[in-house]
Amino acid sequence: MPSERVPLDPAVAWVDLPPDGGWAALDERLRALAGQTRVVVVRAGAAQPAGSHGTAGGAPREVAARGRVIERLSSPDTVFVAVVEGPCGGAGLAIALGCDLLLAAEGAELVFSSPELFGVVASLGAAVGRVRALELCLTGRRLPAAEAASFGLVNLVVGGGGGG
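Residues numbered from 1 in each chain as written. Predicted model: local features only at pLDDT ≥ 70, side-chain atom pairs only at ≥ 80, totals over all residues. Heavy atoms only, no water.

> Before we move on, can you summarise the sheet that holds strand S8 (residues 142–144) with the specific residues and values?
Strands sit in the order S5-S7-S8 across an open sheet of three strands; the sheet is mixed. Sheet topology places strand S5 (87–89) and S8 at the edges, where each strand pairs with a single neighbour. Averaged over neighbouring strand pairs, the angle between their axes works out to 25° when direction is ignored. With three bridges connecting them, strand S7 (residues 109–111) and S8 associate as antiparallel partners. Residue pairing in the sheet places glutamate 109 in a bridge with proline 144 of S8. (Pairing = 2+ DSSP bridges. Helix = DSSP H or I, 4+ residues; strand = E, 2+ residues; numbered from the N terminus. Axes fitted to C-alpha atoms, helices over the stretch in contact; angles between N-to-C directions.)

So, in structure tokens, the structure goes:
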């Protein structure tokens, strides 16, 4: 189950992604927040090792949950904010790219190692263009936060020094 922080306001909730990508756990957590929360801050990267793909390719329960999570991210009555603190790939990357806003720490990286497993290719192409999306996905390279911001994938890069 994703861990949660004590909200500053009942309309704001923090959700930390589990290291294994756990789509079903995230689905359950988001379902519990529905209707009572206006802003959900999803923290990825610190708990999402680069190349972590969770169990999304396996159990039917996880595949069904993945679809519900992606659908929830487009909810018009909730703002989803991704906070990426380190390398973020696989399920964490799919979730971060599906959020309304994406904030990244200076040292964060988006890792495009297997985006086709999580539907990232289509959303990436819409965001940065087909040619750039193909280059990222085919090379599997790590995209530093500053470069991701220059591509328009990251809304804000926050500096280090413990103040981010």
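> Summarise the side chain of aspartate 16; cite the residues concerned and give the values.
With respect to the secondary-structure elements, aspartate 16 resides in strand S2 (residues 12–16). Classification of aspartate 16 by relative accessible area gives buried; the value is 9%. A polar contact of 2.8 Å, which involves the side chain of aspartate 16, links it to the side chain of arginine 43. (Buried < 20%, exposed > 50% of the residue type's maximum accessible area, 1.4 Å probe, protein only. Polar contact = N/O pair within 3.5 Å; in protein donor to acceptor, adjacent residues only side chain to side chain.)

> Can you lay out the packing of aromatic side chains for me, pointing to particular residues and giving the numbers?
As enumerated under the stated definition, the model contains zero aromatic pairs in all. The ring centre of phenylalanine 151 lies 3.8 Å from the NZ or CZ of arginine 132, which sits over that ring. (Phe/Tyr/Trp six-rings, centres within 6.5 Å; stacked < 30°, edge-to-face > 60°. Lys NZ or Arg CZ within 6 Å of the ring centre and 35° of its normal.)

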